[in-house]
Amino acid sequence: MKFNLHNTQRAPGRLATFSELGRHGNTSMETPGCLLYTRCGSAPNLSHDLLSGIEGVPLVTQIPLPTIVESSDVLEAFGQGVAAFSGRPDTVVCTCTQDPGKSTPTGFNDKKSVSVWAAGGRKKLTLEGFLDLQEVLQPDLMEALSDGDTPADSSSKRVKKSVDRTLEFLDGCLDAKQSRQELRDVEVLGVIEGSELLEERLRSARETAKRPVAGYVLDGFHEESMEERTRWSIMKAVLNEIPEDKPRFLPRVGRPDEVLRAVELGVDIFDSTFPYEATERGCALVFSYALASPLPNDAVSRHTPASASSVDDCLGDDGGTVCDFDGQGENGDLNSRTVYEMKLSDQRFVEDFTAVVEGCQCYCCVNHTRAYINHLINAKELLAGVLLMIHNFHHFFQFFQSVRKALRDGTMQRLKAEINKCR
Amino acid sequence: PSALSLEILAECSTTKARTCKLELPHQTVDTPVFMPVGTQGTMKGLTTSQLEQLNCQLILGNTYHLGMRPGPELLEKAGGLHKFMNWKRALLTDSGGFQMVSLLELAEITEEGVKFQSPYTKEEMLLTPEKSVEIQANIGADIIMQLDDVVHSLTTGPRVEEAMYRSIRWLDRCIAAQKRPREQNLFAIIQGGLDTRLRTICAKEMVKRDTPGYAIGGLSGGEEKDYFWKMVTLSTDILPREKPRYCMGVGYAVDLVVCCALGVDMYDCVFPTRTARFGSALVKTGQLHLNQKQYAKDFRPIDENCDCSTCKQHTRAYLNTIAGRESVACQLISVHNLKFQMDLMRDIRQAIIDDRYPAFIKDYMKTVYPAGDYPTWLRDSLASVNVDLNS
Ligand SMILES: [Zn+2]
Ligand SMILES: [Zn+2]
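Residues numbered from 1 in each chain as written. Chains lettered and ligands numbered in written order. Predicted model: local features only at pLDDT ≥ 70, side-chain atom pairs only at ≥ 80, totals over all residues. Heavy atoms only, no water.

Enquirer: Looking at this structure, I do not really get the overall build of chain A. What am I missing?
Expert: Assigned secondary structure in chain A consists of 13 helices and 16 strands. Looking at chain A as a whole, 61% of its 423 residues qualify as buried. Of all intrachain contacts in chain A linking residues separated by at least 6 positions in sequence, the fraction that spans at least 24 positions is 67%. Carbon and sulfur atoms form 47% of the exposed surface of chain A, whose accessible area is close to 16,200 Å². (Helix = DSSP H or I, 4+ residues; strand = E, 2+ residues; numbered from the N terminus. Buried < 20%, exposed > 50% of the residue type's maximum accessible area, 1.4 Å probe, protein only. Contact = heavy atoms within 4.5 Å. Areas by Shrake-Rupley, 256 points an atom, 1.4 Å probe, with all protein chains shown as cover.)

Take a look at the structure:
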């Protein structure tokens with residue numbers, strides 16, 4: 001596994017190639033980029049055939065343990081690992097302890113174990129149990145076991161404990177690379193905890209950096225977990241503390257404005273739960289991510305959300321608070337929709353026979369209309385989730401392509417302006 | 001007037017089976033054909049491209065559901081259901097009557113039509129034959145069905161006769177109301193319960209009306225199979241050779257094989273896709289309930305001989321893991337189940353073309369009943385078309 005930085009600009013943000021991944025060491029991904037969010041190894045709502053029809057699908061598949069933990073005996077009997085079990089034997093697998101697409105109940109971890117929530121309820125993972133599970137999953141990369149259960153109001157004692165336990169777990173995972181034959185080739189990602197306490201965050205980062213990890217996971221930096229102001233300053237401090245030559249993962253952050261902000265601070269890899277969550281709330285991503293480019297081979301088309309009002313009107317100081325920019329949401333619920341989405345169940349799309357995003361080349365937009373998807377959502381038909389997932393993944397993956405392009409071309413500021421633009 | 005043509009490619013020299021090319025406005029359909037049911041303008045999480053890849057040529061939409069949501073006005077604005085759902089091949093819609101009577105407790109049948117209360121607006125509404133044809137015109141399917149007076153197949157007494165005669169009168173009203181006979185084919189539906197006399201009268205009366213095709217209705221409601229097959233074969237004996245025959249609500253493999261031998265060309269059933277939702281996969285010998293424990297460590301595909309994308313990529317164990325938990329499981333099993341139905345019909349057609357359909361039937365039944373313990377109705381129905389399962 002290799003991580004090669006190749007920034008050409010002095011501007012903030014890192015362009016890199018994460019290479020020699022996977023069983024055969026022949027997979028590489030360009031960063032900034034994202035992992036493919038899956039449940040049990042399948043992308044939400046999508047068969048592998050439908051998934052493979054999407055442009056730019058990430059080559060590294062993320063498998064959250066809660067979605068597979070109950071099948072550990074089945075995987076043991078199977079013996080060929082979770083990639084083959086889920087029908088995509090050639091994909092590169094990265095496991096993570098919690099499901100980034102679901103919120104995890106708080107208050108269940110203890111000194112010896114971390115709780116995860118599977119379909120059948122709570123599962124306690126001790127270090128040994130966690131490592132046994134990894135042996136049967138046979139991932140290429142694994143997030144080390146971590147205790148990240150430190151919601152915003154946690155005491156400093158609890159936060160300290162979480163850092164200590166997480167470091168202990170990390171040592172256990174690294175030791176297992178020596179003691180367990182099956183885990184020898186698995187790359188271990190160190191998880192940085194510390195909640196909102198700067199000194200704990202720095203301790204966690206420093207200690208993790210001392211260990212032979214393959215990369216760093218910045219846990220607990222998503223929106224609900226921290227106050228907006230401290231979040232970015234602590235993230236910056238942590239990123240300054242860890243060495244540059246390894247990839248930095250930022251789970252559960254996917255809103256385009258936040259992605260750009262994190263990229264500028266030096267984050268490399270995100271997950272793709274944002275498009276999944278948008279799909280779950282019946283929304284399509286509609287933000288514009290493409291800069292009008294003079295280059296003729298610029299395949300990315302220009303996307304324009306169909307809102308009449310400007311996003312800027314409802315953005316807070318930090319650009320991108322949760323709000324309803326349509327104003328009229330006839331269904332009454334503002335839900336947790338972000339300004340980058342269009343709620344297709346809304347009454348105003350009933351007779352809208354245009355594509356979700358005009359010019360989008362995804363299967364959904366090429367073949368179907370807003371009116372049809374509106375009908376599917378209202379009729380509670382499965383195809384709604386299928387088509388939205390296709391579009392949202394496509395949109396999100398293309399967005400990362402344009403982030404990399406902006407870094408290459410030195411046009412990050414213009415991209416930032418673009419994603420918050422509505423006409 | 002008719003918007004279809006039927007070219008008979010081959011007829012079995014032993015049974016009444018035949019294979020045809022049925023040319024419809026949007027698609028030439030190979031018969032015998034199984035039509036999957038896409039109730040609300042979509043098929044259980046499958047995209048229209050997936051349906052095409054599965055070789056589905058003709059699918060069914062439900063007028064009752066589509067008439068409620070998104071509604072005929074919207075469908076007309078969209079340019080019909082074909083455009084609305086982006087399905088380029090053939091469509092058939094039912095009349096809406098059957099769904100109403102079976103789904104709504106408050107439905108009441110009068111000479112005028114079916115009276116019912118909208119489950120959405122609670123408004124009292126009336127579905128007349130004219131209204132049904134009008135809604136179906138807005139939906140724009142290649143084949144539309146007359147409104148019929150459906151009684152449950154277990155009903156006996158004067159109600160059956162009343163419903164049969166009323167269905168004939170309603171057919172006349174549908175024919176008179178039809179405005180697009182050159183784009184849409186109106187099919188008559190033969191009623192008459194399990195009564196030979198009534199079925200015969202109905203079939204003959206409807207043949208006189210010379211509609212583009214004929215359906216055999218009011219069956220597959222849990223009646224004795226002994227009566228079921230007799231009603232089917234009686235109907236196909238009366239129906240003209242040059243028109244398509246459609247047996248409504250039939251979709252189990254054994255029934256399909258038998259009804260093809262009795263001369264039926266078209267079938268529909270919600271079963272293959274509905275059962276997928278509950279984790280059931282179709283195989284020749286019946287169904288695999290993939291959410292059962294016995295499949296948890298079964299690393300074989302659903303069917304080793306199936307070349308659907310699900311069988312090529314997934315094991316029973318994986319499907320067991322995700323069934324009922326991840327929505328993609330329903331999609332994966334639906335793909336297999338539809339492929340199963342499509343392959344069965346393809347094999348039936350080929351056997352008829354090769355004039356070896358009787359042998360095909362015997363092989364098939366041997367697989368389903370390896371001990372040779374064939375039910376009586378099966379022996380009898382096949383014997384009626386000169387196939388002796390014991391020879
Ligand atoms: Zn799209
Ligand atoms: Zn299959």
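Enquirer: Teacher, can you tell me more about the coordination of the zinc ion (ligand 1) here?
Expert: Expected angles at a metal are 109.5 degrees for tetrahedral coordination by four donors and either 90 or 180 degrees for octahedral coordination by six donors. Residues and elements named next belong to chain A. In this structure, Cys360 (SG), Cys362 (SG), Cys365 (SG) and His391 (ND1) serve as the protein donors to the zinc ion (ligand 1), at separations of 2.1 to 2.3 Å. Coordination geometry of the zinc ion (ligand 1): the 4 donor atoms subtend angles of 99 to 115° at the metal centre, consistent with an arrangement described as tetrahedral. The sequence pattern formed by the donor residues of the zinc ion (ligand 1) is C-x1-C-x2-C-x25-H. On the criterion of sequence distance, the pair formed by cysteine 365 in helix α10 (residues 363-367) and histidine 391 in helix α12 (residues 382-409) is long-range, its members being 26 residues apart. (Donors = N, O, S within 2.8 Å, 3.2 Å for Na, K, Ca; no water. Tetrahedral: all angles 85-135°; square planar, octahedral: opposite > 155°, others 65-115°.)

Enquirer: It is not clear to me how the coordination of the zinc ion (ligand 2) should be interpreted in this structure. Could you clarify?
Expert: Residues and elements named next belong to chain B. Taken together, the protein donors to the zinc ion (ligand 2) comprise Cys306 (SG), Cys308 (SG), Cys311 (SG) and His336 (ND1), at separations of 2.1 to 2.3 Å. Around the zinc ion (ligand 2) sit 4 donor atoms; with metal-centred angles ranging over 99 to 120°, the donor geometry is tetrahedral. In terms of primary sequence, the donors binding the zinc ion (ligand 2) are separated according to C-x1-C-x2-C-x24-H. Taken together, the positions of cysteine 306 in the loop between β16 (286-289) and α12 (309-313) and histidine 336 in helix α14 (residues 327-353) put the pair 30 residues apart, joining distant regions of the chain. The burial state of cysteine 306 is the same as that of histidine 336; both residues are buried.

Enquirer: Help me understand the packing of aromatic side chains, please; the structure alone is not making it clear to me.
Expert: Here the structure, examined in full by the defined rule, presents 21 aromatic pairs over all chains. The interplanar angle of 85° and the centroid separation of 5.3 Å between the aromatic rings of Phe85(A) and Tyr318(B) together place this pair among those described as edge-to-face. One end of the pair, Phe85(A), is in helix α3 (residues 81-85); the other, Tyr318(B), is in helix α13 (residues 316-322), on a second chain. Here Phe85(A) falls in the buried class, since its relative accessible area comes to 1%. Centre to centre, the rings of Phe396(A) and Phe399(A) are 6.3 Å apart; their planes meet at 40°, and the pair counts as tilted. With Phe396(A) and Phe399(A) both in helix α12 and 3 residues apart, the pair spans about one turn of that helix. (Phe/Tyr/Trp six-rings, centres within 6.5 Å; stacked < 30°, edge-to-face > 60°.)

Enquirer: What am I meant to see in the interface of chain B and chain A here?
Expert: Frequently, the measure chosen for interface size is the accessible area that the parts lose on association. Each side of the interface is counted separately: chain B has 36 residues, and chain A has 38 residues. Our enumeration of links across chain B and chain A arrives at 4 salt bridges. Remark: the boundary between chain B and chain A carries 18 residue pairs in polar contact (both at pLDDT 80 or more). Within the residue set of the side of chain B that touches chain A, elements represented by two or more residues are α1 (48-53), α3 (72-78), α4 (81-85), α12, α13 and α14 of chain B. Among the elements that line the side of chain B that touches chain A, the one with the most residues is α14(B), at 5 residues. The residue makeup of the side of chain B that touches chain A, split by class, is 14 nonpolar, 16 polar and 6 charged. (Salt bridge = Lys/Arg side-chain N within 4 Å of Asp/Glu carboxyl O. Polar contact = N/O pair within 3.5 Å; in protein donor to acceptor, adjacent residues only side chain to side chain. Nonpolar A, V, L, I, M, F, W, Y, C, P; charged D, E, K, R; others polar.)

Enquirer: Even after reading the chapter, I still don't get the UniProt feature "binding site: Zn(2+)" (unreviewed entry) in chain A, so can you show me in this structure?
Expert: All names here are of chain A. The positions that UniProt labels "binding site: Zn(2+)" (unreviewed entry) are, in the present scheme, Cys360, Cys362, Cys365 and His391. The annotated residues occupy 32 residues of the chain but converge on a single region, no pair of C-alpha atoms lying more than 8.4 Å apart. Among the secondary structure elements, cysteine 362 is positioned in the loop between β16 (341-343) and α10. Taking relative accessible area as the criterion, cysteine 362 reaches 3% and is therefore assigned buried. If sequence neighbours within four positions are ignored, cysteine 362 has contacts with Ile390, His391 and His394. For cysteine 365, a relative accessible area of 7% corresponds to the buried category. With residues up to four places along the chain from it excluded, the contact list for cysteine 365 reads Ala355, Val356, Val357, Cys360 and His391. (UniProt positions renumbered as here; feature names shortened; annotations may be inferred.)

Enquirer: Is there a simple way to think about the sheet that holds strand β5 (residues 36-37) of chain A in this case?
Expert: Backbone hydrogen bonds are what pair the strands of a sheet, in a parallel or an antiparallel way. Residue and element names in this part refer to chain A. Ordered by their spatial adjacency, 9 strands build an open sheet running β4-β14-β13-β12-β11-β10-β7-β6-β5, and the pairing between neighbours is parallel. Single-partner strands in this sheet number two, and they are β4 (33-34) and β5. Bridge count between strand β7 (residues 92-96) and strand β10 (residues 141-143): 2 bridges; the pairing is parallel. Looking at the pairing, threonine 95 lines up with methionine 142 of β10. (Pairing = 2+ DSSP bridges.)

Enquirer: Would you take a moment to explain the pairing of strand β3 (residues 27-31) of chain B for this structure?
Expert: Remember that side chains alternate between the two faces of the sheet whenever the strand is regular. Residue and element names in this part refer to chain B. The element β3 is extensively covered by neighbouring structure, given that 4 of its 5 residues are classed as buried. In this sheet, β3 lies alongside strand β2 (residues 18-24) in antiparallel orientation, the contact comprising 5 bridges. In the sheet register, lysine 21 faces β3, and the bridge partner there is aspartate 30. Linking two consecutive strands that pair antiparallel, namely β2 and β3, is a turn of 2 residues.

Enquirer: Looking at this structure, I do not really get the sheet that holds strand β6 (residues 90-93) of chain B. What am I missing?
Expert: All names here are of chain B. If you trace the 8 strands from one edge of the open sheet to the other, you get β4-β14-β13-β12-β11-β10-β6-β5, paired in parallel fashion. The strands lining the two open edges of the sheet, one partner per strand, are β4 (33-36) and β5 (58-61). The sheet shows a mean angle of 25° between the axes of neighbouring strands, direction not considered. Across 3 bridges, strand β10 (residues 143-145) lies against strand β11 (residues 185-190) in parallel orientation. By the bridge assignment for β11, methionine 145 is matched with phenylalanine 187. (Axes fitted to C-alpha atoms, helices over the stretch in contact; angles between N-to-C directions.)

Enquirer: I tried to follow helix α13 (residues 412-419) of chain A on my own but got confused; where do I start?
Expert: Residues and elements named next belong to chain A. Every buried residue belonging to α13 is among Met412, Leu415, Glu418 and Ile419, and all of these are buried. Take α13 and look down its axis: the buried residues cluster within an arc of 115°, on one side only. Looking at the buried positions of α13, the neighbouring elements they touch are α8 (256-265) and α12. (Arc of directions from axis to C-beta.)

Enquirer: So what exactly am I meant to see when it comes to the environment of Ala137(B) here?
Expert: Residue and element names in this part refer to chain B. Residue placement: alanine 137 occurs in helix α6 (residues 129-139). Between the C-alpha atoms of alanine 137 and alanine 176, which are 39 residues apart in sequence, the distance is 13 Å. Sequence-distant contacts of alanine 137, defined by excluding residues within four places in its chain, comprise Arg180 and Gln184.

Enquirer: What is the right way to look at the side chain of Asp298(B) in this model?
Expert: Residues and elements named next belong to chain B. Mapped onto the fold, aspartate 298 is located in the loop between β16 and α12. There is a polar contact of 2.9 Å between the side chain of aspartate 298 and the side chain of arginine 316. Look past the residues within four positions of aspartate 298 in its chain and what remains in contact with it is Thr315, Arg316 and Ala317.

Enquirer: I tried to follow the confidence of the model for chain A on my own but got confused; where do I start?
Expert: If pLDDT is low for a region, its predicted coordinates should not be looked at in detail. Taken over all residues, the pLDDT of chain A has a mean of 89, while the share at 70 or more is 88%. Throughout residues 294-334 of chain A the model reports pLDDT below 50, and contacts reaching past four residues in sequence, or to other chains, amount to 88 contacts. (pLDDT = per-residue confidence, 0-100.)

Enquirer: For this particular structure, what's the right way to read the packing of helix α4 (residues 127-137) of chain A against helix α5 (residues 156-179) of chain A?
Expert: Axes are the key here: two packed helices are described by the angle between their axes and the distance separating the axes. All names here are of chain A. Two elements in contact, α4 and α5, have axes separated by 10 Å at closest approach and are oriented at 40°. By the angle class used here, α4 and α5 are oblique. Here α4 and α5 pass one another in a crossing that is right-handed. Here α4 contributes Leu127, Phe130 and Leu131 to the contact with α5, which in turn contributes Phe169, Gly172, Cys173 and Ala176. (Parallel < 35°, antiparallel > 145°, perpendicular 65-115°, else oblique. Left-handed = near helix turned anticlockwise from the far one by under 90°.)

Enquirer: I'm lost on the pattern of salt bridges in this one. Help?
Expert: Pairing between side chains becomes possible if they bear opposite charge and their charged atoms approach one another. Residue and element names in this part refer to chain A. Counted according to the given criterion, the structure contains 58 salt bridges over all chains. Here aspartate 147 makes a salt bridge to arginine 165, at a shortest N to O gap of 3.0 Å. Of the two residues, aspartate 147 is situated in the loop between β10 and α5 and arginine 165 in helix α5; the sequence distance between them amounts to 18 residues. Exposure remark for aspartate 147: the relative accessible area of 0% places this residue in the buried category. Residue class for arginine 165 comes out buried when judged on its relative accessible area of 11%. With a shortest N-O distance of 3.0 Å, glutamate 241 and arginine 206 are connected by a salt bridge. Residue glutamate 241 is found in helix α7 (residues 228-241), and its partner arginine 206 is found in helix α6 (residues 198-209); the two are separated by 35 residues along the sequence. For arginine 206, a relative accessible area of 42% corresponds to the partly exposed category.

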